[in-house]
Amino acid sequence: MTHPSKEQILFLKKRKHEKILITVCRILIFVLFLSLWEISATKGWIDSFIFCSPGIITQTFCDMCKDQSLFTHIGITLWETIASFFLVVVLGLGTAVVLWIFPKLSKILEPYLVVLNSLPKSALAPLLIVWLGANQKTIIVAGISVAIFGSIINLYTGFHEVDKDKLKLIATLRGTKLDALFKVILPSSVPLIFSVMKVNVGLCLVGVIIGEFIGARQGLGYLIIYGSQVFKLSWVLMSIVILCVIAMVLYSLINLAEKLYLSKRVSHP
């Protein structure tokens, strides 16, 4: 077993110190922001009724946790986000595969996908409520509509950037298109798929909140719109903070899954 050289040890120490420094700076910026916000509200530099403060938001969170009403709103929004995200992954990947297998179909549908991807999805939400009714399924569809078209385009484009020599080798060995798909395209596109998933989880959350703004009676989106209507702005800011936490947690879970996959791929090439 070879021991690391002095240069390697110094490099690793430098990397470790750099990571610690970045983490400490992030925490300090966050604490400084919260402290300045709290002091500004306490001293009257800003209107605490409009801008609230970390203390007011924390108190509101604790009060709503005591009567357990908040858990219902969080659970509903989380379920709708996960459901829409799962469907986007399945439908996006499946559609991209079909378009890759049938190039003529992709050429026919390409302009429609570009137009639908460019369309502001907030404009579709009211129509979805009218067409499908104000229910949870409609909100899930709203979440899907925000992410699905971009997911298809990105995955399909990524499939065409795979190493052409590997595909030629499959064709030389008389392999079928399915052989090329399962042995070259999909394995080579795993990093791209994880990257698209990281983007989609945030987009699905945005779509769900848009749907809840318009046609929900529960969920964090409903809590935000209702809180703004009755001037309970602590509800609005608390819900926004919770949404940030949910987005960070979901992103971190996908990032962790990617790291586990890559570590297994390195250990079992």
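Please refer to the structure placed before this passage.
From a predicted model like this one, the values you see are computed outputs, not experimental measurements. (Residues numbered from 1 in each chain as written. Predicted model: local features only at pLDDT ≥ 70, side-chain atom pairs only at ≥ 80, totals over all residues. Heavy atoms only, no water.)

Student: Give a description of the overall build of the protein chain that names residues and reports values.
Tutor: Helix and strand counts for the protein chain stand at 12 helices and 0 strands. The N-to-C order of helical and strand elements in the protein chain reads α-α-α-α-α-α-α-α-α-α-α-α. For the protein chain, whose C-alpha radius of gyration is 24 Å, the value lies well above the compact-globule estimate of 18 Å for 269 residues. Across its three principal directions, the C-alpha atoms of the protein chain cover 75 × 65 × 30 Å. By the burial criterion, 35% of the 269 residues in the protein chain qualify as buried. By sequence separation, contacts in the protein chain at least 24 residues apart represent 72% of the contacts at least 6 residues apart. Of the accessible surface of the protein chain, which amounts to about 17,200 Å², a share of 71% is contributed by carbon and sulfur atoms. (Helix = DSSP H or I, 4+ residues; strand = E, 2+ residues; numbered from the N terminus. Rg over C-alpha atoms; globule rule 2.2 N^0.38 Å. Buried < 20%, exposed > 50% of the residue type's maximum accessible area, 1.4 Å probe, protein only. Contact = heavy atoms within 4.5 Å. Areas by Shrake-Rupley, 256 points an atom, 1.4 Å probe, with all protein chains shown as cover.)

Student: Outline the nonpolar core, listing residues and values.
Tutor: Within the largest apolar cluster, 52 residues are counted, with the highest numbers of intra-cluster contacts made by Leu70 and Leu220. Contributions of two or more residues to this core are made by helix 3 (54–66), helix 4 (69–101), helix 7 (136–159), helix 9 (177–188), helix 10 (190–215), helix 11 (220–229) and helix 12 (233–267). In contact with Leu220, not counting residues within four places along its chain, are Leu70, His73, Ile74, Thr77, Glu212, Ser239, Ile242, Leu243 and Ile246. (Core = buried A, V, L, I, M, F, W, Y, C linked by side-chain atoms within 4.5 Å.)

Student: So, the packing of aromatic side chains: which residues are in play, and what are the values?
Tutor: Under the criterion given, the structure shown has 4 aromatic pairs. Taking 5.8 Å as the distance between ring centres and 45 degrees as the angle between the ring planes, the aromatic pair formed by Phe33 and Trp37 counts as tilted. Taken as a pair, Phe33 and Trp37 lie in helix 1 (residues 6–43) at a separation of 4 residues, close to a single helical turn. Cation over ring: Lys177 sits above Trp100, and NZ or CZ is 5.3 Å from the ring centre. (Phe/Tyr/Trp six-rings, centres within 6.5 Å; stacked < 30°, edge-to-face > 60°. Lys NZ or Arg CZ within 6 Å of the ring centre and 35° of its normal.)

Student: Hey, could you go over the pattern of salt bridges for me, with residue numbers and the actual values?
Tutor: Two side chains of opposite charge can pair, provided their charged atoms sit close to one another. Under the definition given, this model contains 1 salt bridge. Glu258 is paired through a salt bridge with Lys198; the nearest N and O atoms lie 2.6 Å apart. Highlighted residues: Glu258 in helix 12 and Lys198 in helix 10, separated in sequence by 60 residues. The exposure class assigned to Glu258 is buried, which follows from its relative accessible area of 14%. (Salt bridge = Lys/Arg side-chain N within 4 Å of Asp/Glu carboxyl O.)

Student: Mind laying out the packing of helix 4 against helix 10, listing which residues take part and the relevant values?
Tutor: Close contact between helix 4 and helix 10 brings their axes to 8 Å; oriented N to C, the two are set at 135 degrees. Relative to helix 10, the element helix 4 lies oblique. As helix 4 packs across helix 10, the resulting crossing turns out to be right-handed. Residues Ile76, Thr77, Glu80, Thr81, Ser84, Phe85, Val88, Val89 and Leu93 of helix 4 form the contact with helix 10, whose participating residues are Ile193, Met197, Asn200, Val201, Cys204, Leu205, Val208, Ile209 and Glu212. A per-class count over the contact of helix 4 with helix 10 returns 12 nonpolar, 4 polar and 2 charged. (Axes fitted to C-alpha atoms, helices over the stretch in contact; angles between N-to-C directions. Parallel < 35°, antiparallel > 145°, perpendicular 65-115°, else oblique. Left-handed = near helix turned anticlockwise from the far one by under 90°. Nonpolar A, V, L, I, M, F, W, Y, C, P; charged D, E, K, R; others polar.)

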